[in-house]
Amino acid sequence: MATRAVPRALRASNIFSTAARPTIQTILPSSQRAFHISAIRLQKKKKNTTTTTPGAGAFARTDDSITVEYPEDPSKLPSSQPVDSGIGRAGQNVFPTLATFSLQGKVGVVTGGARGLGLVMGQGIVVSGGDLAIVDLNKEEATKQAQNIVETFKKDYPSAKKIPKVTAHYADVSDPASVDACIAEIVAEHGKIDNLVTSAGFTENFEAVNYPVDRLRKLWGVNVDGTYLFATAIARHLMDRNSPGSLVFIGSMSGSIVNVPQPQTPYNASKAAVRHLAASFAVEWAKAGIRVNCISPGYMLTALTKKILDENPDLKEKWTSLIPQGQMGNPEDLMGPVTFLLSDASRYVTGADLRVDGGYTCT
């Protein structure tokens, strides 16, 4: 991947230092180049001739030097592993809970389900009793993870009478024909679809004035068009069956606030669109018994995020300093919220945006 030229010296908005520092570029070796980050440390600022306090606003601005590009080849992304669902091995520590939280008898679809947040939320569906269709651009990874989820379930529930059915499917979520073919394949294998989680999406950090328009369209194609296409296709399926259903869109706290210091205007706008799609569909489809809600995660420690922060510990310190709980979330923190919104426990909840962000958006 070609590196981007280091931008000009920054204003006092840089998070790293107020002292003169040499320029630093962090690029992964070619064997691991799933993304790259360019970070430039702040050059010594000229004497302030105004009455404004030096450094004012420094922690509330974006830093145009922070650049993260998403890999063109999804196979370059770090693989994920099924998580400990909290039940303990051999079915131990299983506590009673409301029966309405069960997804037994339901078939759930998770887009972007082969790694990261999507994989863990799909595992949550299975642990809660549902069958699962993993949809991903990388079908090989999806197939591997489908097997991993089933094996993990068997270890956790050795006496289970029913082993969940977990299948893997390819789809380019931004392509209507690919989406329709994927839906038809899932229905052929599972007989129906009851629930959807739209986890396919990506972000890039880039100053807006220099963000390539082709990448802007690709980002919106996945994040917004992909959500719209899968939601409307499954809504048609549910309406044809005259069946209720629950759809959960994975938005982001970035759809409600502006993250700092990394610039990501196109991503923020795309997630705001996802949030409002959920509200709009919720009203339009309420008469059909289809509920639509949004989950807006904050900073989550996925495998990809860990790689970025390992290269930039200063960035992690900045992020966590703005989170009231003082730490980033883990992917498994979304298992409960997604199960709640998909299940009958939330049957009077529609059009909601559930923020899972450690309190970030409260401040």
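The chain is annotated in an unreviewed UniProt entry as D-arabinitol dehydrogenase from Neurospora crassa.

(A) Up close: the nonpolar core. Residues Val109, Phe230, Ile234, Leu247, Phe249, Trp285 and Val292 are the most contacted members of the largest nonpolar core, which totals 37 residues. For this core, the elements supplying multiple residues, two or more each, are strand E5 (131-136), helix H3 (176-190), helix H4 (213-241), strand E8 (245-250), helix H5 (265-285) and strand E9 (290-297). In terms of residues, this core owes the most to one element, H4, which gives 10 residues. When neighbours within four sequence positions are excluded, Phe249 is seen to be in contact with Thr198, Thr227, Ala231, Val274, Leu277, Ala278, Phe281, Val292, Asn293, Cys294 and Ile295.

(B) Seen up close, the sheet that holds strand E7 (residues 195-198). Ordered by their spatial adjacency, seven strands build an open sheet running E6-E5-E4-E7-E8-E9-E10, and the pairing between neighbours is parallel. This sheet does not close on itself; its edge strands, each paired only once, are strand E6 (166-170) and strand E10 (353-356). Going across the sheet, the axis of each strand differs from the next one's by a mean of 20°, ignoring polarity. Strand direction decides the pairing type here: E9 and E10, joined by four bridges, are parallel. Looking across to E10, one finds that Ile295 is bridged to Leu354. The strands touched by helix H2 (residues 139-156) are E5 and E6; relative to E6, the strand with the most contacts, the crossing angle is about 170°.

(C) Broad picture of the packing of helix H6 (residues 303-311) against helix H7 (residues 313-321). For the pair H6 and H7, interaxial distance at closest approach is 5 Å and the crossing angle is 110°. Comparing their axes, H7 and H6 come out roughly perpendicular. Packed against H6, whose contacting residues are Thr305, Leu309, Asp310 and Glu311, the element H7 presents Pro313, Leu315, Lys316 and Trp319 at the interface. The class makeup of the residues in the contact of H6 with H7 is four nonpolar, one polar and three charged.

(D) Broad picture of the packing of helix H1 (residues 116-127) against helix H8 (residues 335-342). The geometry of H1 relative to H8 is characterised by a closest axis approach of 9 Å and an angle of 55° between their N-to-C directions. When the axes of H1 and H8 are compared, the pair comes out oblique. Crossing hand, H1 versus H8: right-handed. Together, Val120, Met121, Gln123, Gly124 and Ile125 of H1 and Met335, Val338, Thr339 and Leu342 of H8 make up the contact between the two elements. The residue makeup of the contact of H1 with H8, split by class, is six nonpolar, three polar and no charged.

Rules used throughout
Residues numbered from 1 in each chain as written. Predicted model: local features only at pLDDT ≥ 70, side-chain atom pairs only at ≥ 80, totals over all residues. Heavy atoms only, no water. Core = buried A, V, L, I, M, F, W, Y, C linked by side-chain atoms within 4.5 Å. Buried < 20%, exposed > 50% of the residue type's maximum accessible area, 1.4 Å probe, protein only. Helix = DSSP H or I, 4+ residues; strand = E, 2+ residues; numbered from the N terminus. Contact = heavy atoms within 4.5 Å. Pairing = 2+ DSSP bridges. Axes fitted to C-alpha atoms, helices over the stretch in contact; angles between N-to-C directions. Parallel < 35°, antiparallel > 145°, perpendicular 65-115°, else oblique. Nonpolar A, V, L, I, M, F, W, Y, C, P; charged D, E, K, R; others polar. Left-handed = near helix turned anticlockwise from the far one by under 90°.

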